[in-house]
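Okay, here's what each chain looks like letter by letter:
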Amino acid sequence: MQIQHKLTPFLWYQQGAEDAVAHYLRVFGSGRVTHTQRWGENAPGPAGSVMIVQFELLGLAMTAFNGGPHFKLNEAFSMTVNCSDQAEIDRLWEQLPAGGGRLKSCGWLEDAWGLSWQLTPSIWYDMIRDPDPARVQRVFQAIWAMEKIDIAALRLAYDGA
């Protein structure tokens, strides 16, 4: 297999990398496992258990690693999902944290394995690039007050309503 990208996100899970990948593939409905590597004899993990899962998610090559408790996922690395509409935000907001994750603020959530995700509407990027600083400020003020992002409320803030 030839690597197609020079950069590949490498996610270090304490355990459950295989379950996390299966969850992401179910939630997004687009992707596949490209390789699974198992621990050998005399390795840090139990022989025969999953060490690495290489996968594609929405066209992005990624690697999930069962690395044990030495390093934990945190907000310093996160995934942003550009959502096309409110229905997509609502669906992902419900499905991504399933099984033990938690909801945060400003469109952020954490899945059951500790990976942080932000669900952002695509229109957000147009709004924050507007040349009118008052509009941009209103949009930021609105999003800072939200848990799950509400596109209709962002539009109202953007329009000054």
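Below is a summary of the structure that appears in this document. (Residues numbered from 1 in each chain as written. Predicted model: local features only at pLDDT ≥ 70, side-chain atom pairs only at ≥ 80, totals over all residues. Heavy atoms only, no water.)

## A few points about the environment of tryptophan 113
Quick note on the threshold: Strands are runs of DSSP state E lasting at least two residues, helices are runs of H or I lasting at least four, and both sets are numbered from the N terminus onward. Only heavy atoms matter for contacts: two residues are in contact if any of them lie within 4.5 Å across the pair. Two N or O atoms count as a polar contact when they lie within 3.5 Å, although within protein this holds only if one can serve as hydrogen donor and the other as acceptor, and sequence-adjacent residues are included solely when both atoms are side-chain atoms.
Turning to its location among the elements, tryptophan 113 is positioned in the loop between strand 7 (108–110) and strand 8 (116–121). A C-alpha to C-alpha distance of 6.7 Å links tryptophan 113 and alanine 20, two positions 93 residues apart in sequence. Discounting residues that sit within four places of it in the chain, tryptophan 113 has contacts with Tyr13, Gln15, Gly16, Asp19, Ala20, His23, Tyr24 and Leu73. In this structure the side chain of tryptophan 113 is engaged in a polar contact, spanning 3.4 Å, whose partner is the backbone oxygen of glycine 16.

## Concerning the packing of helix 1 (residues 17–28) against helix 2 (residues 86–95)
Cut-off, in case you're wondering: Under this scheme, a helix contributes an axis fitted over its contacting stretch, all axes are lines through C-alpha atoms, and angles between N-to-C directions fall in the 0 to 180 degree range. Each angle gets one of four labels, with under 35 degrees taken as roughly parallel, over 145 as roughly antiparallel, 65 to 115 as roughly perpendicular, and the rest as oblique. Note: crossing handedness is left-handed where the near helix turns anticlockwise from the far helix by less than a right angle, and right-handed where it turns clockwise. Throughout, the ten residues Ala, Val, Leu, Ile, Met, Phe, Trp, Tyr, Cys and Pro are labelled nonpolar, Asp, Glu, Lys and Arg are labelled charged, and all others, Gly among them, are labelled polar.
Remark: helix 1 packs on helix 2, axes separated minimally by 10 Å, with the N-to-C direction vectors making an angle of 155 degrees. One finds that helix 1 runs roughly antiparallel with respect to helix 2. Our pair here, helix 1 against helix 2, has a crossing hand that is right-handed. Counting all contacts with helix 1, which are made through His23, Val27 and Phe28, the residues of helix 2 involved are Arg91, Leu92 and Gln95. Residue composition of the contact of helix 1 with helix 2, by class: three nonpolar, two polar and one charged.

## Comments concerning the pairing of strand 5 (residues 78–83)
It is a general feature of regular strands that their side chains alternate between the two faces of the sheet. To keep it simple, the criterion reads: Buried means the residue's accessible area, taken with a 1.4 Å probe over protein chains only, is under 20% of the maximum for its type, while exposed means over 50%, and partly exposed covers the values in between. The pairing criterion for strands is at least two bridges between them, as found by DSSP.
By the alternation rule, side chains of strand 5 split into Met79, Val81 and Cys83, which are all buried, and Ser78, Thr80 and Asn82, of which none is buried. Judged from the six bridges that link them, strand 5 and strand 8 form a sheet pairing that is parallel. By the bridge assignment, serine 78 is partnered in strand 8 with serine 116.

## Re helix 2
Keep this limit in mind: Relevant arc is that of directions from the helix axis to the C-beta atoms, nothing else.
Among all positions in helix 2, only Ile89, Leu92 and Trp93 are buried. Taken end-on, helix 2 shows its buried residues confined to a sector of 105 degrees, consistent with a single buried face. Every exposed residue of helix 2 that faces more than 90 degrees away from the buried side is listed here: Ala87 and Glu94. Where the residues of helix 2 are buried, they touch helix 1, strand 5, strand 6 (102–103), strand 7, strand 8 and helix 5 (151–159). Where helix 2 begins, the side chain of aspartate 85 points an oxygen toward the backbone nitrogen of alanine 87, at a separation of 3.3 Å.

## A few points about the environment of proline 9
Within the secondary structure layout, proline 9 lies in the segment before strand 1 (10–13). Separated by 68 residues in the primary sequence, proline 9 and phenylalanine 77 place their C-alpha atoms 9.5 Å from one another. Contact partners of proline 9, with chain neighbours within four places excluded, come to Leu60, Ala61, Met62, Thr63 and Phe77.

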